[in-house]
Amino acid sequence: ASAVVATVADANQAAGTLAVAIEGVPDEMTAIVSNNAGNITLNAAASCTLVAPNGNKTYPLTLRATDNQGAETTASVNVLVARNLVPTVGNYTNQT
């Protein structure tokens, strides 16, 4: 899934040039952040092993933004992982 999760700004540097990173990602999840003119997009995908038995679990991640002078800030980002239900096929009579 992909979503804009934050915006960044800096008084001395163009927003789109700020470095962004995501931290605290479990091994069974992939998460990539990108900065497009100050809009931070998170792309995340989770392995089936991350889902709790009840089908939903929230994973708190940390978004870090850093300027070219080394100043940085962080924000929390929650990723909700939901169970992918098995599809079902109805009962159909043979067709000739």
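Reading guide: rules and limits
- Residues numbered from 1 in each chain as written.
- Predicted model: local features only at pLDDT ≥ 70, side-chain atom pairs only at ≥ 80, totals over all residues.
- Heavy atoms only, no water.
- Pairing = 2+ DSSP bridges.
- Helix = DSSP H or I, 4+ residues; strand = E, 2+ residues; numbered from the N terminus.
- Axes fitted to C-alpha atoms, helices over the stretch in contact; angles between N-to-C directions.
- Contact = heavy atoms within 4.5 Å.
- Core = buried A, V, L, I, M, F, W, Y, C linked by side-chain atoms within 4.5 Å.
- Buried < 20%, exposed > 50% of the residue type's maximum accessible area, 1.4 Å probe, protein only.
- Salt bridge = Lys/Arg side-chain N within 4 Å of Asp/Glu carboxyl O.

K.L.:
Help me understand the sheet that holds strand β6 (residues 72-82), please; the structure alone is not making it clear to me.
P.N.:
Within a sheet, each strand pairs with its neighbour through backbone hydrogen bonds, oriented either parallel or antiparallel. The strand order β2-β5-β6 describes an open sheet built from 3 strands, whose pairing is antiparallel. With one partner strand each, in any of the chains shown, β2 (19-23) and β6 form the two edges of the open sheet. For this sheet, the mean inter-axis angle between neighbouring strands, taken without regard to orientation, is 25°. Pairing of β2 with strand β5 (residues 56-66) involves 5 bridges; the strand directions are antiparallel.

K.L.:
What exactly am I supposed to notice about the environment of Pro26 here?
P.N.:
Mapped onto the fold, Pro26 is located in the loop between β2 and β3 (29-36). Separated by 35 residues in the primary sequence, Pro26 and Leu61 place their C-alpha atoms 9.1 Å from one another. Among all residues touching Pro26, those that are not within four sequence positions of it are Leu50, Tyr59 and Leu61.

K.L.:
In this structure, what is going on with the sheet that holds strand β1 (residues 2-7)? I would like to understand it.
P.N.:
Read from one edge to the other, the open sheet built from 3 strands follows the order β1-β4-β3, with strand pairing classed as antiparallel. Either end of the sheet is taken by a strand with one partner, and the two such strands are β1 and β3. On average, each strand axis in the sheet is tilted by 25° relative to the strand beside it, whichever way the strands run. As paired elements, β1 and strand β4 (residues 39-46) share 5 bridges and run antiparallel to each other. Across the sheet, residue Ala3 finds its bridge partner in β4, namely Leu42.

K.L.:
Sorry if this is basic, but what is going on with the nonpolar core here?
P.N.:
For soluble globular proteins, nonpolar side chains are generally found buried alongside one another. Ranked by size, the top nonpolar core spans 19 residues in total, and within it Ile22, Met29, Val33, Leu42, Leu63 and Val79 carry the most contacts. Looking at this core, the elements with two or more residues in it are β2, β3, β4, β5 and β6. Among the elements that line this core, the one with the most residues is β5, at 4 residues.

K.L.:
I keep staring at the pattern of salt bridges and nothing clicks. Help me out?
P.N.:
Between side chains of opposite charge, a pair can form as their charged atoms come close. Tallying each qualifying case throughout the model produces 2 salt bridges. Ionic pairing is found between Glu23 and Arg64, a salt bridge with its closest N-O pair at 2.6 Å. Here the residue Glu23 occupies a position in strand β2, and Arg64 occupies one in strand β5, the gap between them amounting to 41 residues. The partner of Arg64 in a salt bridge is Glu72, with the nearest N and O atoms 2.8 Å apart. For Arg64, a relative accessible area of 22% gives the class partly exposed. With relative accessibility at 48%, the residue Glu72 sits in the partly exposed group. Ionic contacts of the salt-bridge type, sharing partners, join the residues Glu23, Arg64 and Glu72 into one network.

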